[in-house]
Amino acid sequence: MLSTRPPALDDDPASLDAIWTALQPDQPTGAPMIRAVMISSIDGTTTVDGRSGGLGTPTDRLVYDAMRARADLVLVGSGTALAERYGPAVVSPVWTDRRTGPAPTVLVLTRSLPDRLIDLCAGTDDRVRIAAAHEVGRQRIEAARARGVRVHVLDPGPTGAAVRALASRLHAREVDFEGGPRLLGTLLSEGAVDDLVLSVAPELIVGGDDSTLTPGHGPGSTRVPMRVVSAFTCPRGGLYTRWAVGEGVR
Ligand SMILES: NC(=O)c1ccc[n+]([C@@H]2O[C@H](COP(=O)([O-])OP(=O)(O)OC[C@H]3O[C@@H](n4cnc5c(N)ncnc54)[C@H](OP(=O)(O)O)[C@@H]3O)[C@@H](O)[C@H]2O)c1
């Protein structure tokens, strides 16, 4: 009989194999792939107190680290890099036996190249670089380069195509795009995202101040823990889930 109880994967060797296999792209193309990785609560909230980490589970961390271990480049928007205090990527010890070579370079996308982004990237030994939109002023680029920050200037035109062209010049096959939501929207609307690896955190976030640009857990909202009971998909690609409401509302 068909079970609708999805497998629970953890950090034991069999689970790690299953996670790694699940993350293999279906049809690698010749061009660099842009593979987005995001987490949200069941209701679609993407941050807790301005960061995504508060939504994470240990298994989400395994997935996130596996996508980094697979990637040649990590791509992230300036908003996320600053909010999450990005630094150089490292390959998690869990995945080092599957990756040869150094950790992927981090590329931060920007249109304005503010000073605080230069501060973030300076002193990272070329491991956190800037990918500047074509329109970024020469003075901003020179200011970053004066601090030893490597700046790649993107081609004019759609962002996704420009990122793919840069990835190609850097001989990257897989680009791990880590957000944020605004840049994800741009890349999706351009048809530039090949894959979305979406973690659904086991909670609903209800009520509170929803006036922020990025929906997040803020003052007045309530976190309701949940547990998935069954899940199935359909020929049109939908995902259907049943959740039990947990205890310990925050
Ligand atoms: N739940 C999750 O999985 C997840 C993942 C990532 C982030 N987040 C959260 O999301 C929030 C940040 O996300 P966000 O959506 O506000 O910002 P974001 O997408 O990370 O970054 C937006 C910034 O990217 C740059 N940018 C946008 N379009 C561009 C283009 N076409 N070319 C070059 N640069 C471009 C601009 O930088 P400049 O302003 O420098 O010009 C823009 O302000 C944070 O709170 C973070 O914690 C959640």
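Scroll up a little and you will see the structure.
Being a predicted model, the structure only gives us computed values, none of them experimental.

Peer 1: Would you explain the site of the ligand in this entry?
Peer 2: Taken together, 27 residues lie near the ligand, and I39, T80, E84, T110 and R182 sit nearest. At 2.6 Å from an oxygen atom of the ligand is found a side-chain nitrogen or oxygen belonging to T110. The contact in question runs from a nitrogen atom of the ligand to an N or O atom on the side chain of T159, over 2.7 Å. Contact with the protein chains covers 89% of the free accessible surface of the ligand, which is 940 Å². Among the elements of the structure, β1 (33–41), α3 (78–83), β4 (105–110) and α7 (181–189) are those that each provide at least two residues to the shell around the ligand. The element that contributes the greatest number of residues to the shell around the ligand is α3, accounting for four residues. Each residue belonging to the shell around the ligand can be placed in one class, and the counts come to eight nonpolar, 14 polar and five charged.

Peer 1: Just to check I follow, could you spell out the sheet that holds strand β3 (residues 73–77) for this structure?
Peer 2: Adjacent strands of a sheet form backbone hydrogen bonds with each other and so pair up, either parallel or antiparallel. Ordered in space as β6-β5-β4-β3-β7-β1-β8, the seven strands form an open sheet in which the pairing is parallel. Each having just a single partner strand, β6 (151–153) and β8 (195–201) make up the two edges of the open sheet. Neighbour-to-neighbour, the strand axes of this sheet turn through a mean angle of 25°, independent of strand direction. As paired strands, β1 and strand β7 (residues 174–177) are joined by four bridges and run parallel to one another.

Peer 1: Any chance you could explain the packing of aromatic side chains here in plain terms?
Peer 2: Aromatic ring pairs are defined here through the distance separating the ring centres and the angle between the ring planes. In total, this model carries two aromatic pairs according to the counting rule given. An angle of 25° between the planes, with centres 5.3 Å apart, marks the rings of F232 and Y240 as stacked. Cation over ring: R70 sits above W20, and NZ or CZ is 5.6 Å from the ring centre.

Peer 1: So what exactly am I meant to see when it comes to the side chain of T45 here?
Peer 2: Secondary-structure assignment places T45 in the loop between β1 and β2 (47–48). Assessed through its relative accessible area of 6%, T45 is described here as buried. Among the polar contacts listed, one links the side chain of T45 to the side chain of D43, at a separation of 2.5 Å.

Reading guide: rules and limits
Residues numbered from 1 in each chain as written. Predicted model: local features only at pLDDT ≥ 70, side-chain atom pairs only at ≥ 80, totals over all residues. Heavy atoms only, no water. Near = heavy atom within 4 Å. Polar contact = N/O pair within 3.5 Å; in protein donor to acceptor, adjacent residues only side chain to side chain. Areas by Shrake-Rupley, 256 points an atom, 1.4 Å probe, with all protein chains shown as cover. Helix = DSSP H or I, 4+ residues; strand = E, 2+ residues; numbered from the N terminus. Nonpolar A, V, L, I, M, F, W, Y, C, P; charged D, E, K, R; others polar. Pairing = 2+ DSSP bridges. Axes fitted to C-alpha atoms, helices over the stretch in contact; angles between N-to-C directions. Phe/Tyr/Trp six-rings, centres within 6.5 Å; stacked < 30°, edge-to-face > 60°. Lys NZ or Arg CZ within 6 Å of the ring centre and 35° of its normal. Buried < 20%, exposed > 50% of the residue type's maximum accessible area, 1.4 Å probe, protein only.

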